Each structure stands twice: as structure tokens, then as C-alpha cells.
Amino acid sequence: MSAPRGTAPQTGVLVVDDDFMVARIHAGYVARVPGFTVVGAAHTGETALAAVARHRPDLVLLDIYLPDMSGLDVLRTLRGAAHPVDVLVVTAARDAATVRAAMHGGAVNYLVKPFAAGALTERLERYADLRRQLSAIGSGAGQGEIDRLFGEGGSGGGPQPLPKGLSGTTCALVEDVLREAGADLSATEVAALTGLSRVSARRYLEHLCATGRTRLRPRYGTAGRPEHRYLWTG
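As the structure is a prediction and not an experimental result, all values here were calculated from the model. (Residues numbered from 1 in each chain as written. Predicted model: local features only at pLDDT ≥ 70, side-chain atom pairs only at ≥ 80, totals over all residues. Heavy atoms only, no water.)

Focus: the UniProt feature "modified residue: 4-aspartylphosphate" (unreviewed entry) in the protein
Heads up, the rule is: UniProt positions are given in the numbering used here, feature names are shortened, and annotations may be inferred rather than shown by experiment. Strands here are runs of E lasting at least two residues and helices are runs of H or I lasting at least four, both read from the DSSP assignment and numbered beginning at the N terminus. Here, residues are in contact when the closest pair of their heavy atoms is within 4.5 Å.
In this numbering, the UniProt entry assigns the feature "modified residue: 4-aspartylphosphate" (unreviewed entry) to D63. Position of D63 relative to the elements: it lies in the loop between strand 3 (59-62) and helix 3 (71-79). For D63, the contacting residues outside a window of four places in its chain are V16, D17, D18, G71, V90, T91 and K113.

As C-alpha cells, this is what we get:
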């Protein structure tokens with residue numbers, strides 16, 4: 001997606017989800033990440049393909065469960081489209097066959113719903129970094145550069161580094177608390193058990209969600225937003 005002269009280029013994102021409210025929430029998450037802008041939303045496979053052709057986004061947040069076709073069919077169709085577009089799968093599907101099909105289809109990453117905003121932010125930032133590295137390479141990449149790129153792409157590369165401002169020792173403490181609890185905990189409960197502030201505890205919990213070591217479990221009350229609770233999955 002091009003930007004006006006004198007401004008930093010924006011990464012255009014199309015949000016695809018059959019649930020209108022979920023699509024709106026995810027679009028809000030994207031809009032808060034510097035360098036990213038939402039170019040549109042679609043709620044069926046057919047409208048998603050039409051929106052890609054019309055808006056020409058750089059990235060599609062793609063749900064698998066769509067009312068008219070599978071998101072995997074959308075992914076396969078996009079791979080053969082004239083306009084190249086990257087796909088980040090965002091879905092509740094967690095079975096091996098779906099994950100494998102997404103990898104074979106060339107998805108740059110795969111995020112299981114529900115998730116906190118930080119989990120998506122982390123993946124978008126990694127995607128932006130990957131695009132910057134690809135732009136810097138030009139026509140002469142060495143093997144080391146290529147190895148780093150494929151590691152960043154999401155299908156390998158070992159443990160994800162901690163975001164800036166997080167400590168490995170403190171992260172291990174949060175992991176121990178979750179592991180020993182044997183049940184889901186809120187950020188407030190984790191803060192009390194670790195001595196962290198609630199804001200700091202939430203940052204560590206969101207990082208653990210983003211790296212697949214905890215699962216976000218919304219608890220719905222009688223009114224207001226659901227309480228985010230976190231379950232250790234290892």
C-alpha cells in the first residue's frame with residue numbers, strides 16, 4: 001500500500017471474520033499498531049476475495065470458519081492471484097490438519113482465537129520487521145540473511161525473544177505461578193502472586209499468549225467487558 005510523499009509507508013490490512021463484532025475488535029487492535037492501517041473488512045470468503053482485488057492490501061487477517069467457504073480455500077485462491085498478498089490466519093481452529101494446510105498455503109503466521117491485543121501486536125511487529133529485512137536485501141542475499149528471514153517467518157527459528165522491557169527472570173516467575181496454579185488466573189491474581197504491578201503482569205501474560213505457552217480464556221459476567229484469564233498450556 002503506497003503512502004503520500006513525505007510520510008512513512010503504511011501496511012494495509014484487510015480483516016476477514018464472519019463475526020461482525022470480532023472483525024471490529026480485531027480492526028481496532030490493528031489500528032493501534034504504528035505503521036499499520038485497516039483498509040477494509042469482509043465477512044465471507046467471496047467478499048474477502050473481492051476486497052483484496054479492490055483494496056490491494058499487504059496483509060489479510062483471515063478467519064478459517066466463513067459462511068460460504070473455508071478460509072483455507074480463500075488462502076489457496078489468493079496464492080494464485082495476480083496481486084501478491086500475505087496472510088495471517090486468525091481462527092479458533094487448532095487441529096493439526098488446519099495448521100498444516102495453512103503452512104502449506106503460505107500463511108506468514110497463525111494466531112488462535114481468542115487472544116489479547118498484545119498477541120496480535122507482537123505478530124504484526126514481527127511481520128513489519130520481516131518486510132523491512134526483505135526490502136533491505138535487494139538482489140543479493142547471503143545464506144545467513146536468508147536463514148534469518150525464514151526463522152522470522154513463523155515456521156521455525158526457536159523461541160521468540162522477549163519484547164523490550166521484559167525480563168527473562170520475571171517471565172520465568174510468571175510461568176511458574178501459572179504452572180503451579182493448575183487453573184486459569186487473571187492479571188490481578190498473577191500480580192498479587194508475583195509482586196508485580198497489574199500492568200506489568202498483563203504484559204508478561206500477553207507475551208506468553210503470543211508465544212503459545214498460555215491460553216486466553218475470557219470469563220463473561222453479568223455486564224461490561226469479559227475478564228481476561230490465562231491458563232498455562234506449556
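Once you've had a look at it, read on.
Points about the packing of aromatic side chains
Under the convention used in this document: Any Phe, Tyr or Trp ring, taking Trp's six-membered ring, that has another such ring centre within 6.5 Å forms a pair; planes under 30 degrees apart are called stacked, those over 60 apart edge-to-face, and the others tilted. Between buried and exposed lies partly exposed: a residue is buried under 20% and exposed over 50% of the maximum accessible area for its type, with that area taken using a 1.4 Å probe on protein chains only.
Tallied over the full model, the rule gives 1 aromatic pair. Measuring from centroid to centroid gives 6.2 Å for Y29 and F115, while their planes differ by 55°, and the two rings are tilted. On the criterion of sequence distance, the pair formed by Y29 in helix 1 (residues 20-31) and F115 in the loop between strand 5 (109-112) and helix 5 (117-137) is long-range, its members being 86 residues apart. Its relative accessible area of 14% is what places Y29 among the buried residues.

Some points on the pattern of salt bridges
This is how it is decided: For this document, the term salt bridge refers to a Lys or Arg side-chain nitrogen within 4 Å of an Asp or Glu carboxyl oxygen.
Following the criterion strictly, the structure yields 14 salt bridges and no others. Among the ionic pairs, R131 bridges to D58, the shortest N-O distance being 3.8 Å. Placement of the pair is R131 in helix 5 and D58 in the loop between helix 2 (45-55) and strand 3, with a sequence separation of 73 residues. Judged by relative accessible area, which is 28%, R131 ranks as partly exposed. Overall, the relative accessible area of 11% leaves D58 in the buried class. Residue R213 is joined to E175 by a salt bridge in which the shortest nitrogen-to-oxygen separation is 2.5 Å. Remark: E175 occurs in helix 7 (residues 168-181) and R213 occurs in the loop between helix 9 (198-210) and strand 7 (214-219); sequence separation between them is 38 residues. For R213, a relative accessible area of 23% puts it in the partly exposed group. The exposure class of E175 is buried, given its relative accessible area of 12%. Salt bridges sharing common partners tie together D184, E189, R217, R219, E227 and R229.

Structural notes on the sheet that holds strand 8 (residues 227-232)
Applied cut-off: Paired strands, in this sense, are two strands between which DSSP finds at least two bridges.
Pairing in this open sheet of 3 strands is antiparallel, and the strands run 6-8-7 from one edge to the other. Every other strand in the sheet has two partners, leaving strand 6 (185-186) and strand 7 as the edge strands with one partner each. For strand 7 and strand 8, the ladder comprises 6 bridges, and the chain directions are antiparallel. The residue bridging P218 from the neighbouring strand is H228, located in strand 8.

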